[in-house]
Amino acid sequence: MKLRWSRLCAVLPAAALALGLTTATPAAASPTVSSGWNDFSCKPSSAHPRPVVLVHGTFGNAVDNWVGLAPYLVARGYCVFSLDYGQLPGVPVFHGLGPVDASAQQLADYVDRVLAATGTDKVDLVGHSQGGMMPRVYLKFHGGADKVHTLVGLAPDNHGTTLSGLTRLLGLFPGAKQYIDKFTPGLTDQATGSDLLNRLNAGGDTAPGVHYTVIATKYDEVVTPYTSGFLNGPDVHNVVLQDLCAADLSEHVAIGTVDRIAFHETANALDPAHATPTTCASVVS
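Here helix α3 (residues 100–118) crosses helix α4 (residues 130–141) at 80 degrees, and the two axes come no closer than 8 Å. One way to sum up the angle between α3 and α4 is to call them roughly perpendicular. Across the interface between the two elements, Val-100, Asp-101, Ser-103, Ala-104, Leu-107, Ala-108 and Val-111 of α3 pack against Gln-130, Met-133, Met-134, Pro-135, Val-137 and Tyr-138 of α4. Partitioning the contact of α3 with α4 into residue classes produces 10 nonpolar, 2 polar and 1 charged.

Here we take up the environment of Gln-190. Note on placement: Gln-190 falls in the loop between α6 (185–188) and α7 (195–201). Using a relative accessible area of 0% as the deciding quantity, one classes Gln-190 as buried. Along the primary structure Gln-190 and Gly-160 are separated by 30 residues, whereas in three dimensions their C-alpha atoms are 5.1 Å apart.

Our next topic: the sheet that holds strand β6 (residues 236–240). Ordered by their spatial adjacency, 6 strands build an open sheet running β2-β1-β3-β4-β5-β6, and the pairing between neighbours is parallel. Lying at the two open borders of the sheet, with one neighbouring strand each, are β2 (80–83) and β6. Each adjacent strand pair in this sheet contributes to an overall mean axis angle of 15 degrees, direction not counted. Of the strand pairs in this sheet, strand β4 (residues 148–154) and strand β5 (residues 211–216) are connected by 5 bridges, and their pairing is parallel. Its bridge partner being in β5, Thr-150 is matched across the sheet by His-211. Of the strands in this sheet, β1 (52–55), β2 and β3 (123–128) are in contact with α3, which crosses β2 at around 150 degrees.

For the rest of this paragraph, the subject is the pattern of salt bridges. In total, this model carries 2 salt bridges according to the counting rule given. One salt bridge in this structure joins Asp-124 and Arg-50, with 2.9 Å as the shortest N-O distance. You can see Asp-124 sitting in strand β3 and its partner Arg-50 sitting in the loop between α1 (5–18) and β1, a full 74 residues away along the chain. A relative accessible area of 1% places Asp-124 in the buried class. What makes Arg-50 buried here is its relative accessible area of 18%. Measuring nitrogen to oxygen at the nearest pair gives 2.8 Å for the salt bridge that ties Lys-147 to Asp-112. Of this pair, Lys-147 sits in the loop between α4 and β4 while Asp-112 sits in helix α3, placing them 35 residues apart in sequence. Judged by its relative accessible area of 26%, Lys-147 falls in the partly exposed class. Of the residues examined, Asp-112 reaches a relative accessible area of 33% and is grouped as partly exposed.

Counting 31 residues, the largest nonpolar core has Val-53, Leu-107, Val-123, Leu-125 and Tyr-138 as its most contacted members. Going through the elements one at a time, β1, β2, α3, β3, α4, β4, α7 and β5 are the ones with two or more residues in this core. It is α3 that contributes the most residues to this core, 8 residues altogether. Sequence-distant contacts of Tyr-138, defined by excluding residues within four places in its chain, comprise Ala-104, Leu-107, Ala-108, Val-111, Leu-125, Gly-143, Gly-144, Lys-147 and Val-148.

Tracing the sequence through the fold places Leu-170 in the loop between β4 and α5 (176–183). As for Leu-170 and Ile-180, which are separated by 10 residues in sequence, their C-alpha atoms are 9.3 Å apart.

This part covers the side chain of Glu-265. When you line up the elements, Glu-265 lands in helix α10 (residues 260–270). Salt bridges are absent for the buried Glu-265, whose nearest opposite-charge side chain, Arg-76, sits at 12 Å. Within the structure, Glu-265 has its side chain in polar contact with the side chain of His-237 (distance 3.3 Å).

All right, on to unusual backbone geometry then. Residue Thr-224 is joined to Pro-225 through a cis peptide bond whose omega torsion reads -5 degrees. Mapping Pro-225 onto the fold places it in the loop between β5 and β6. Phi at Leu-163 takes a positive value of approximately 45 degrees, unusual for a residue other than glycine. Along the polypeptide, Leu-163 turns up in the loop between β4 and α5.

Enumeration according to the criterion identifies 2 disulfides in this entry. Two residues, Cys-42 and Cys-79, share a disulfide whose sulfurs are 1.9 Å apart. With the S-S dihedral at roughly -80 degrees, the linkage between Cys-42 and Cys-79 falls on the left-handed side. Of the two residues, Cys-42 is situated in the loop between α1 and β1 and Cys-79 in the loop between α2 (69–74) and β2; the sequence distance between them amounts to 37 residues. By relative accessible area, Cys-42 is classed as partly exposed at 21%. Taken in sequence order, the bonded cysteines of the protein chain link in the pattern 1-2, 3-4.

Here is what the cut-offs are and how they apply
- Residues numbered from 1 in each chain as written.
- Predicted model: local features only at pLDDT ≥ 70, side-chain atom pairs only at ≥ 80, totals over all residues.
- Heavy atoms only, no water.
- Axes fitted to C-alpha atoms, helices over the stretch in contact; angles between N-to-C directions.
- Helix = DSSP H or I, 4+ residues; strand = E, 2+ residues; numbered from the N terminus.
- Parallel < 35°, antiparallel > 145°, perpendicular 65-115°, else oblique.
- Contact = heavy atoms within 4.5 Å.
- Nonpolar A, V, L, I, M, F, W, Y, C, P; charged D, E, K, R; others polar.
- Buried < 20%, exposed > 50% of the residue type's maximum accessible area, 1.4 Å probe, protein only.
- Pairing = 2+ DSSP bridges.
- Salt bridge = Lys/Arg side-chain N within 4 Å of Asp/Glu carboxyl O.
- Core = buried A, V, L, I, M, F, W, Y, C linked by side-chain atoms within 4.5 Å.
- Lys, Arg positive; Asp, Glu negative; His and termini not counted.
- Polar contact = N/O pair within 3.5 Å; in protein donor to acceptor, adjacent residues only side chain to side chain.
- Disulfide = S-S within 2.5 Å.

Any link to function would need more than the numbers given here.
Below, the structure is given as C-alpha cells:
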C-alpha cells in the first residue's frame, strides 16, 4: 500500500520536531542573570578555570534545553553560558533550524564574547543532539580548535541519523527533500550522508588538543542508530548511559534535559581530575 503525500506531510513535521527536540514548553529566547547562568560578570575560579558554554538541540533554545543542567553546573561552581542559534525568520522560541555551518559561526561569535568577558583563553562546550555535533563544525571550519578544551555531547548525531529510517523515505516522494532543504536546512544537514556531515567527518572525527566525551542512550529514538553519535580518535571517551546505570530508561530528550546520571558524567568529563564513579546513585548526587 502506497503512502500518500498528504500522509507524509503529516508525518514529516512530527519527525522534524523529534530531531533534537528538547521541550514543547515555550520560554523566553534569552536567559537572564537571575536564572543562574549567562552572568557575564562571572569569573571562573581556580577550581573550574574555564567557562562552560551550553549548546541546545534542534527546536530548542538557550533556556528550555538547560533548566536542568545549567543550575546543576552553576551549583558546582562553574561559570555557565548558553546561546540561541539557527534561528529562522518568523519562528520564535524553536531554534536550530538554520544551516548548521551558519550556526557554527554563531557559536564562534558567542564563544569569543564569553572569552572576552571572562578573560579566559578556552571554553568547555556541552551540547545536546545537534548541539553536540554542530560544535565540531566550529572546531573544524571556524577556528574553534584553539579555543575549546573539552567537548561533551549528550546524544549527539555526529555521523547523522536515519530517524529510524524515516529520512530515507524522502527520496520516494517528489519535492519532499527540496521542501525540507529550503525551509529547514538544519534538519537535512543532520541526515546520514548529508553533504555537511560528509565534509565534517572526512579526514577524522577529532581535532588535536580537544578532549571529547560522548554520552549516548540505547533508547534514543531520534539519533538512530544511537552508536552514530560515537567518535573515533585518540582523546575520545564514548559511553552508553545504560552501562553506567542499567535501570536508566532515558531517551533522546531526557538525557539532555533531566537525567542527573548524564549530568554527573558530564561533570566528570569537565573535571576528570576530581571525577567520581557515575552509577544509579548519581541521580541524587
